[in-house]
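Summary of structural features
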Amino acid sequence: MALRRPSFLPSLDELEQQAQDRSAHAPRKGSQFDHPTAKYLFMVMLVVTVIAHAVAGIVFLVMGH
């Protein structure tokens, strides 16, 4: 008995068409992110990392290490 693809999943033809549509639109020049959520997540993590390093530096200065 062969397994059937669930009806809520797109067919291979639909997936291929979506991939062709995506590749037809070239990303903006200089853009490193294809997905806006990835860009926002990267920026949030960058800000958190910078703040954490600044706080740790201040703590170490106060502690005298």
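Residues numbered from 1 in each chain as written. Predicted model: local features only at pLDDT ≥ 70, side-chain atom pairs only at ≥ 80, totals over all residues. Heavy atoms only, no water.

Assigned secondary structure in the chain consists of two helices and zero strands. Counting only residues that meet the buried cut, the chain has 0% of its 65 residues in that class. With an accessible surface of roughly 6600 Å², the chain has 67% of that area assigned to carbon and sulfur atoms. (Helix = DSSP H or I, 4+ residues; strand = E, 2+ residues; numbered from the N terminus. Buried < 20%, exposed > 50% of the residue type's maximum accessible area, 1.4 Å probe, protein only. Areas by Shrake-Rupley, 256 points an atom, 1.4 Å probe, with all protein chains shown as cover.)

Further remarks concern the UniProt feature "transmembrane region" (unreviewed entry) in the chain. Annotation from UniProt places "transmembrane region" (unreviewed entry) at residues 40–63. Helix and strand shares over residues 40–63 are 100% and 0% respectively, and the end C-alpha atoms of the span are 34 Å apart. (UniProt positions renumbered as here; feature names shortened; annotations may be inferred.)

Let us now look at helix 2 (residues 36–63). For helix 2, spanning 28 residues, the distance from its first C-alpha to its last is 41 Å, which sits close to the expected 40 Å at 1.5 Å a residue. Taken from the residues just after helix 2, glycine 64 is the one with a positive phi, measuring 85°. (Expected span 1.5 Å × (residues − 1).)

Taken together, Val47, Ile51, Val55, Val59, Phe60 and Met63 make up a surface patch of nonpolar side chains, about 550 Å² in accessible area. One can find isoleucine 51 in helix 2. (Patch = residues over 30% accessible without salt bridge, like charges linked within 9 Å, V, L, I, M, F, W, Y side chains within 5 Å. Salt bridge = Lys/Arg side-chain N within 4 Å of Asp/Glu carboxyl O.)

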